[in-house]
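What follows is each chain in one-letter form.
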Amino acid sequence: MFKYPEDRLPVAIILSVSLLDFIVFFTVKNVWLLAGYWLLWLLPKGSMGAWAHHHQHTPTFSSPFLNRLLEFFYALHTGQTTHLWLLHHVLGHHHNYLDQTKDESRWKRKNGKQMGEIEYALNVAATAYPRAFRVGLEHPKKLRTFLIYSALTFGFVAFMCYLKPVQGLFLFVLPMICSLIFVAWVTYDHHAGLDTDNHFEASYNIMNRFFNILTGNLGYHTAHHYRQGLHWSKLPELHEEIKHEIPPHLFVEATFDYLFPDMGENPGRN
C-alpha cells in the first residue's frame, strides 16, 4: 500500500485531524469555539503543506485511488488540490527557479526588484491556481485531473458551507486560504535573493533537527532541488554526498522553530 513506510505516521496524523474536523463540524455550534479551533490549528495545518508537497513529488501510495483520496484530505487542510503543486511546483518551479522571468514561485517583480515577504506570499498564493493551469496546458492529462478533482473538492466545500455556513467557514474555507498563504510565505527564504545559474548556490539549507522533523527534511533544500523525485526520507543521505558543493553561507539556522529561520545576512529578507 505505502511506497515508503516513513509515510505511515504523517498520513495517520493527516487523517486523524480530518476526522476531528468532521466531528467538530457536526457537533460544535458555538462560533467562538469554532474560531478558537481554527486558530489552534492554523499553524499545524499550514505545516501540512510541506507533506502535501512531498506527496506531489513522490506519491504516497501505489494505488491512484488512494492517492486521490489522500489528496482530497490534504486539500481541505492546505488549499492544495490534486495536482496543483504537481503542476505549479514540480513541473513549474523546479524547472524554472533559476529564471525569475519564468519561475512559478518567483521572488522578483517584473522590474527586476526583489519582492518583500508579504508581497511574495500574497502573490504566489493568489497566482497558484492560474499558474498551475498555464503549466497544465503543456500536460493535458494532468491538467484534466487537476480540474476534475479541484472542482470536486470545491464543490464538496461549497456543499458543507451550505449545510452549516459558520462551521464550513472555520473548518474548511479559512484553513484552505490561510494554509496556502502560509505555505507561500515560508517558501520565501528557500531562494529569495539568490540570483544565480548554479543549482548548488540557489537554495538556503536549514540543518535544524526540529525544522526537518516538522517539514520532512525540507531543510535539505539543495538536495531536494538536485534530485526532486527523491523521497523526503532519503534527502539527508543525498545531502551528505553533495554538501561540499554548497557554499557555507547557504547553511542557516532556525531560531523559533521553523517559522522564523535566522537567515543571518540572507539578502532574501528585507
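Remember, it's a predicted structure, so these values are computed and weren't measured experimentally.

(A) Structural view of unusual backbone geometry. Of note, the phi angle at histidine 83 is positive, near 70 degrees, even though the residue is not glycine. Here histidine 83 shows up in the loop between α4 (64-78) and α5 (84-96). Positive phi values are uncommon outside glycine, yet asparagine 217 reaches one of about 65 degrees. Relative to the helices and strands, asparagine 217 is located in the loop between α10 (209-215) and α11 (221-226).

(B) Representation of the nonpolar core within the structure. Of all hydrophobic cores here, the largest spans 37 residues; its most connected members are Leu76, Leu171 and Phe172. If you list the elements that add at least two residues to this core, you get α1 (8-27), α2 (31-40), α3 (42-57), α4, α7 (140-163) and α8 (165-186). Among the elements that take part in this core, α1 stands out by supplying six residues, more than any other. With residues near it in sequence (within four places) discarded, leucine 171 still touches Asp21, Val24, Phe25, Leu34, Tyr37, Lys45 and Leu76. Of all hydrophobic cores here, the second largest spans 19 residues; its members include Met115, Tyr120, Ala128 and Tyr188.

(C) Structural detail: the confidence of the model for the protein. Mean pLDDT over the protein stands at 93; residues scoring 70 or higher make up 94%. Note on residues 255-270: pLDDT under 50 across the span, and 46 contacts to partners over four residues away in sequence or across chains.

(D) Representation of a nonpolar patch on the surface within the structure. A cluster of nonpolar side chains, contributed by Val31, Trp32 and Val166, occupies part of the molecular surface with about 330 Å² of accessible area. With respect to the secondary-structure elements, valine 166 resides in helix α8. Relative accessible area serves as the criterion here: at 35%, valine 166 is assigned to the partly exposed category.

(E) View of the layout of surface pockets. By volume, the second largest pocket is sized at about 190 Å³. The wall of the second largest pocket is formed by Gln100, Thr101, Arg106, Lys108, Arg109, Lys110, Gly112, Met115, Asn123 and Arg131. Its residues assigned to classes, the lining of the second largest pocket comprises one nonpolar, four polar and five charged.

(F) Structural detail: the packing of α1 against α3. Their axes nearest at 11 Å, the elements α1 and α3 cross at an angle of 140 degrees. Classified by the angle their axes make, α1 and α3 are oblique. In the packing of α1 onto α3, the handedness of the crossing is left-handed. Where α1 abuts α3, its residues Pro10, Ile14, Val17 and Asp21 lie against Lys45, Met48 and Trp51. In terms of residue class, the contact of α1 with α3 is built from five nonpolar, no polar and two charged.

(G) Representation of empty space enclosed by the protein. Tallied over the full model, the rule gives five cavities of 30 Å³ or more. Taken as a whole, the second largest cavity spans an internal volume of roughly 60 Å³. Within the residue set of the lining of the second largest cavity, elements represented by two or more residues are α1 and α3. Take the lining of the second largest cavity: its biggest share by element is three residues, from α3. Of the residues belonging to the lining of the second largest cavity, the class tally is five nonpolar, five polar and one charged.

(H) Examining the packing of aromatic side chains more closely. Scanning the entire structure with this criterion turns up 16 aromatic pairs. Between the aromatic rings of phenylalanine 182 and tryptophan 185, the centroid separation amounts to 6.0 Å while the plane-to-plane angle is 65 degrees, which identifies the pairing as edge-to-face. A residue pair is termed a helical-turn pair when its members lie 3 or 4 positions apart in one helix, as phenylalanine 182 and tryptophan 185 do in helix α8 at three residues. Judged by its relative accessible area of 24%, tryptophan 185 falls in the partly exposed class. Taken together, the aromatic side chains of Phe22, Phe25, Phe26, Phe72, Phe73, Phe156 and Phe172 make up a single cluster linked through ring pairs.

So, how was this worked out
Residues numbered from 1 in each chain as written. Predicted model: local features only at pLDDT ≥ 70, side-chain atom pairs only at ≥ 80, totals over all residues. Heavy atoms only, no water. Helix = DSSP H or I, 4+ residues; strand = E, 2+ residues; numbered from the N terminus. Core = buried A, V, L, I, M, F, W, Y, C linked by side-chain atoms within 4.5 Å. Buried < 20%, exposed > 50% of the residue type's maximum accessible area, 1.4 Å probe, protein only. Contact = heavy atoms within 4.5 Å. pLDDT = per-residue confidence, 0-100. Patch = residues over 30% accessible without salt bridge, like charges linked within 9 Å, V, L, I, M, F, W, Y side chains within 5 Å. Areas by Shrake-Rupley, 256 points an atom, 1.4 Å probe, with all protein chains shown as cover. Salt bridge = Lys/Arg side-chain N within 4 Å of Asp/Glu carboxyl O. 1 Å grid on protein atoms, 1.4 Å probe; cavity = no way out; pocket = protein on both sides within 12 Å on 5 of 7 lines; lining within 4 Å. Points joined across faces, edges and corners; volume = space filled by probe spheres on them. Nonpolar A, V, L, I, M, F, W, Y, C, P; charged D, E, K, R; others polar. Axes fitted to C-alpha atoms, helices over the stretch in contact; angles between N-to-C directions. Parallel < 35°, antiparallel > 145°, perpendicular 65-115°, else oblique. Left-handed = near helix turned anticlockwise from the far one by under 90°. Phe/Tyr/Trp six-rings, centres within 6.5 Å; stacked < 30°, edge-to-face > 60°.

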